[in-house]
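Chain residues, written in single-letter form:
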Amino acid sequence: MKFLLLSSIFLILGSTSLVYAEEYIIDIPIGAYNPELNTVAEVWYDPPQMFVTVGDTVTWYNDDKEGHTVTSGEGSGRFGWMSDNFGQSNGIFDSGRFMPGESWSYKFEESGTFSYYCTIHPWMEGILIVEKEIPDFPHDATGKKLEFPLLQYTPDRSIEVNLTWDPQVIKTHEKIQFVYQFYDPQTNSNLASMKYNFVIFQNGKEILRDEGLSQIGGDYRNFVFSDSGSIIVRIEGIHSPSVFAEESVTVSGNFQNKEQRSVDFTTAVYDNPEKTSHETYHTKPAQRLSTYYELMLLIILIPGVMFLIAMFWLKKKPKIQDETSGPLKV
Ligand SMILES: [Cu+2]
């Protein structure tokens with residue numbers, strides 16, 4: 001239940017603006033109306049693929065000599081229009097027709113991958129990848145800014161835990177170092193030789209559990225997250241075998257059982273734009289689809305020609321052998 005609440009808070013956080021919005025320009029170059037793609041830029045939308053962040057505005061300029069549209073959905077592919085495929089709009093955005101010298105802008109309020117095309121020339125295809133904004137400061141799972149080192153007391157207030165992590169904004173596929181220390185809040189002195197478990201939960205699931213750790217004064221753990229989402233870093237069962245074990249047995253004062261002596265820190269992990277989506281999408285920009293048609297032609301054409309040459313050569317071969325082997329055998 002607690003995790004569910006945290007994830008929903010994170011969802012709300014994801015939609016609030018944390019970073020300044022930017023403006024981007026996509027050009028529709030001259031010749032874009034032509035399915036043969038003889039534009040100077042050799043693309044229909046330039047660039048055909050773009051990465052932006054939630055809250056950014058993209059403006060398309062029509063530098064061609066015909067009217068065009070920017071319509072979300074799937075285009076026909078380079079030759080699809082020949083077989084009566086004129087694309088399929090999905091209704092997310094549609095510029096309508098805008099003429100040479102005109103432009104059209106759209107502000108992206110949600111993350112996701114948006115393919116688009118021109119309804120008049122459905123071979124014109126582009127793709128926009130809108131990424132969640134990544135703040136430049138550490139924050140908890142509710143979005144509240146954090147100041148390092150973070151301080152938490154165990155519920156019985158017998159131990160104070162200090163935690164920092166580096167880098168401060170956590171992204172996937174990147175090594176994060178969690179550094180922590182235990183203090184006695186009464187004397188403010190460092191607690192030596194503590195035993196504890198180090199646990200990380202993400203989106204309600206336990207993704208790391210290091211049991212029975214012990215340290216002198218402080219310690220660190222490295223972790224690489226593969227998924228984005230809110231996390232809880234829990235240091236639990238903190239106890240000193242020598243001092244606190246005895247005190248929890250006597251049940252005197254406010255000392256709790258060591259299992260209950262735990263602290264939770266919350267924060268969020270972001271998709272690393274450099275190491276996740278960029279790699280995935282760079283391999284299949286909309287433009288590349290058309291080159292497959294040319295490749296297919298080559299794949300059919302080359303074996304075909306080779307087959308014909310082989311047939312021709314096989315027919316001729318016996319004659320040549322007769323003529324040349326004759327004198328040699330003598
Ligand atoms: Cu067009």
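For the structure itself, look to the data block above.
**Comments concerning the overall build of the protein**
When you go through the protein residue by residue, the secondary structure sums to four helices and 18 strands. Restricting the contact set of the protein to residue pairs at least 6 apart, pairs at least 24 apart contribute 70%.

**Digging into the sheet that holds strand 14 (residues 194-202)**
Within a sheet, neighbouring strands are paired by backbone hydrogen bonds and run either parallel or antiparallel to one another. With mixed pairing, five strands are arranged side by side in an open sheet as 11-18-17-14-15. Single-partner strands in this sheet number two, and they are strand 11 (170-171) and strand 15 (205-215).

**Some points on the nonpolar core**
Membership of the largest hydrophobic core comes to 24 residues, with the highest contact counts inside it found for Val161, Ile170, Phe182, Ile231, Ile235, Ile238 and Val269. Among the secondary structure elements, those contributing two or more residues to this core are strand 10 (160-166), strand 12 (175-184), strand 14, strand 17 (229-239) and strand 18 (263-270). Top contributing element to this core by residue count: strand 18, with five residues. Among residues more than four places away in sequence, those in contact with phenylalanine 182 are Ile159, Val161, Leu191, Met194 and Ile238.

**Comments concerning the sheet that holds strand 1 (residues 23-28)**
The three strands are arranged 1-3-6 in an open sheet whose pairing can be described as mixed. Two strands in the sheet have a free side with no partner beyond their single neighbour: strand 1 and strand 6 (103-107). Pairwise comparison of adjacent strand axes, ignoring direction, gives a mean angle of 20° for this sheet. Bridge count between strand 1 and strand 3 (residues 57-62): six bridges; the pairing is parallel. When the bridges of strand 3 are listed, isoleucine 28 appears paired with asparagine 62.

**Let's talk about unusual backbone geometry**
In most cases, non-glycine residues show a negative phi, while peptide bonds are predominantly trans. In this chain, aspartate 46 is followed by proline 47 through a cis amide linkage whose omega measures 0°. The topology assignment puts proline 47 in the loop between strand 1 and strand 2 (49-53). Aspartate 166 connects to proline 167 through a cis peptide bond whose omega is -5°. Topologically, proline 167 is positioned in the loop between strand 10 and strand 11. Positive phi, close to 60°, is recorded for arginine 157, a residue that is not glycine. Along the chain, arginine 157 falls in the loop between strand 9 (150-153) and strand 10. On the basis of neighbour count, arginine 157 is assigned to the exposed category, with 12 C-beta atoms found within 10 Å. One non-glycine residue, histidine 173, adopts positive backbone phi at about 60°. Along the chain, histidine 173 falls in the loop between strand 11 and strand 12. Given 13 C-beta atoms within 10 Å, histidine 173 falls into the partly exposed group.

**Considerations on the pairing of strand 14**
With eight bridges joining them, strand 14 and strand 15 adopt antiparallel strand pairing. Note that in strand 15 the partner of glutamine 202 across the bridge is lysine 205. Taking the residues that link successive antiparallel strands as the turn, the strand 14-strand 15 hairpin has two residues, and the phi of asparagine 203 there is positive, at about 45°. Relative to strand 17, strand 14 runs antiparallel, the two being bridged by seven bridges. In the sheet register, isoleucine 200 faces strand 17, and the bridge partner there is valine 233.

**Examining the environment of tyrosine 180**
For tyrosine 180, the position within the fold is in strand 12. According to the C-beta neighbour criterion, tyrosine 180 is buried, with 23 such atoms within 10 Å. A sequence separation of 29 residues divides tyrosine 180 from leucine 151, and the C-alpha atoms of the two residues are 9.8 Å apart. Once you skip the residues sitting within four places of it in the chain, tyrosine 180 turns out to touch Val161, Asn162, Leu163, Gly218, Asp219 and Ile235.

About the criteria used
Residues numbered from 1 in each chain as written. Predicted model: local features only at pLDDT ≥ 70, side-chain atom pairs only at ≥ 80, totals over all residues. Helix = DSSP H or I, 4+ residues; strand = E, 2+ residues; numbered from the N terminus. Contact = placed C-beta atoms within 7 Å. Pairing = 2+ DSSP bridges. Core = buried A, V, L, I, M, F, W, Y, C linked by C-beta atoms within 7 Å. Buried ≥ 20, exposed ≤ 12 C-beta atoms within 10 Å, placed from the backbone. Axes fitted to C-alpha atoms, helices over the stretch in contact; angles between N-to-C directions.

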